[in-house]
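Chains, contacts and geometry: an overview
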Amino acid sequence: MPADDAWVEYRKWGREYGELVYIQDRNILILNDSRVAIDLLEKRARIYSDRRMNPMMKLCGAELNMALAPYSDDWRRKRKLFQQNFRQSTINRFHSDQYNKVHEFLRQLITTPDNFMQHTTALSQRIIFSALWGLDVKPEDPLAQNGVKCILTVGQAMLPGAFPAIERFPWLRFMPSWFPGCGFARVAEQCIRALKEANTIPFDMAVDNLKTDKGTSLIAELASKCEGDSTEVEAIKAMATTSYLAAGDTTLSSISSFTLSMVLNPDVQAKGQEEIDRVVGTDRLPTFEDRFSLPYVEAIYRELMRLHPPVPLGIEHSLIEDDFYLGYHIPKGCSIIPNIWAMNRDPDVYPRPDDFLPERFLDFPGPFTSINDIRAYGFGRRVCAGRYMADNTVWLTIACFLATLNLRGPQDKQGNVISISEDYSSGFFR
Ligand code: HEM
């Protein structure tokens, strides 16, 4: 594990300074303990659900992404729309897209296993394109490439210190991009253009397909019901764009962590395969109807989300009024960073916290507890709005992987297994 991971450093500070680590000059509060995170971000959600945007994020037009938008009436309207379409009782609408794309993913892995990372990247994108806009988009397609560009630039803009000039001197936003130190302006212009394309092109294609009887989709159907209401149409467009931006790297991270975990833990893989062969058999692939008959597979999924949360520091929540907690004053405007990575490795809750041990979830109350127990999806009113869909995609991929493939490390020319290490990228997504 690289020493410069912020989540590792933050946990160290937590052990040194206590449950609340406050960085005064940045007005940031770091939470390493899930009990404290629940007390503040869930029980006091009314005041802890805002988002703070830095000047570069604003310049990039990042508020189009609902996940980064301030806690406002506009966010409430968009969140409601999300909930109507992504709640547990409606997401079976996405099942056929999830089956198709996961099965295609398996075929690609079998045909060209060396490209597993490319196939994994494509999987999450293709599910969203298909489930929301009814489009079959390949990773090399300019639409998909453009989406990746948006994710990268917005992700970069969110990292403190990535664009120091605009962070220190916000008035620089009024200067032209050729002005010394204003290179950020070019990046922002490119990002706005890429976001606009991501927001418009697939939407127009979906609407056109519905009008010309070439195919239907969730987004086109929703838009056709509110033609003429431009505010609602914009909210529908933004819901799709947000889904694309929020689903890509998170799902990719989970599935690639799963791949790595199976290579590193062959005994876990064998137990999962045994359960699937015994319960599902070998003449068909697992389906969502099998889920509650597969406790060990569920435990693998829960352990994956515990040990490898794709967004280790979540998304910052911001506080809209002064608060007092455990005798401390938490000032209005403070940004709260939930260190999900550290909470999930608390040795008092999870003995042997760094080991991949699905068995820990088999004990009482068992692995099928509420999805809200999965900290990787965040907290309170800003909890991941696509979590039921994400949960299904990741679970189905795990189950289908175990049903069909044997994952192991690469071999050298003599057939000896080359050992691989657990190296992760360090950024907003892990
Ligand atoms: C394994 C996959 C995923 C993980 C681990 C994940 C995790 C997260 C996390 C940690 C947050 C921030 C929560 C907070 O502020 O406390 C979030 C927000 C969000 N996620 Fe996900 N996510 C995943 C997939 C998805 C998918 C597939 C979608 C949409 C289809 C989605 C849509 C959103 C949205 C819209 C928000 C913003 C919620 C708001 O600010 O009100 N996510 N997600």
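Look up: the structure comes first, before these words.
These remarks concern the structure in this document. The structure displayed is predicted, hence computed values, not measured ones.

One finds W133, F258, I300 and I398 to be the most contacted residues of the largest nonpolar core, which totals 100 residues. Residue contributions to this core peak at 12 residues, all from helix α11 (residues 230–264). For I398, the contacting residues outside a window of four places in its chain are F258, V297, I300, Y301 and L304. In this structure, V36, L40, I47 and I330 belong to the second largest nonpolar core, which totals 17 residues.

This part covers the coordination of the iron atom of the ligand. Within the protein, a single donor atom binds the iron atom of the ligand, namely C384 (SG) at 2.3 Å. Structurally, the position occupied by C384 is in the loop between α14 (340–343) and α15 (387–404).

What follows deals with a nonpolar patch on the surface. Residues F169, W171 and F174 make up a contiguous nonpolar surface patch of about 370 Å² in total accessible area. Structurally, F169 is set in the loop between α8 (164–168) and α9 (183–211).

Turning our attention to the packing of aromatic side chains. Within the structure shown, the criterion is met by 13 aromatic pairs. Just above the ring of Y424 sits the side chain of R430; from NZ or CZ to the centre is 3.6 Å.

Attention shifts here to the environment of L307. Tracing the backbone shows L307 in helix α13 (residues 295–307). Between the alpha carbons of L307 and N344 there is a distance of 6.5 Å; along the sequence they are 37 residues apart. Excluding anything up to four places from it in sequence, L307 contacts W341, R345, P353, D354, D355, F356 and R430.

Rules of the game
Residues numbered from 1 in each chain as written. Predicted model: local features only at pLDDT ≥ 70, side-chain atom pairs only at ≥ 80, totals over all residues. Heavy atoms only, no water. Core = buried A, V, L, I, M, F, W, Y, C linked by side-chain atoms within 4.5 Å. Buried < 20%, exposed > 50% of the residue type's maximum accessible area, 1.4 Å probe, protein only. Helix = DSSP H or I, 4+ residues; strand = E, 2+ residues; numbered from the N terminus. Contact = heavy atoms within 4.5 Å. Donors = N, O, S within 2.8 Å, 3.2 Å for Na, K, Ca; no water. Patch = residues over 30% accessible without salt bridge, like charges linked within 9 Å, V, L, I, M, F, W, Y side chains within 5 Å. Areas by Shrake-Rupley, 256 points an atom, 1.4 Å probe, with all protein chains shown as cover. Salt bridge = Lys/Arg side-chain N within 4 Å of Asp/Glu carboxyl O. Phe/Tyr/Trp six-rings, centres within 6.5 Å; stacked < 30°, edge-to-face > 60°. Lys NZ or Arg CZ within 6 Å of the ring centre and 35° of its normal.

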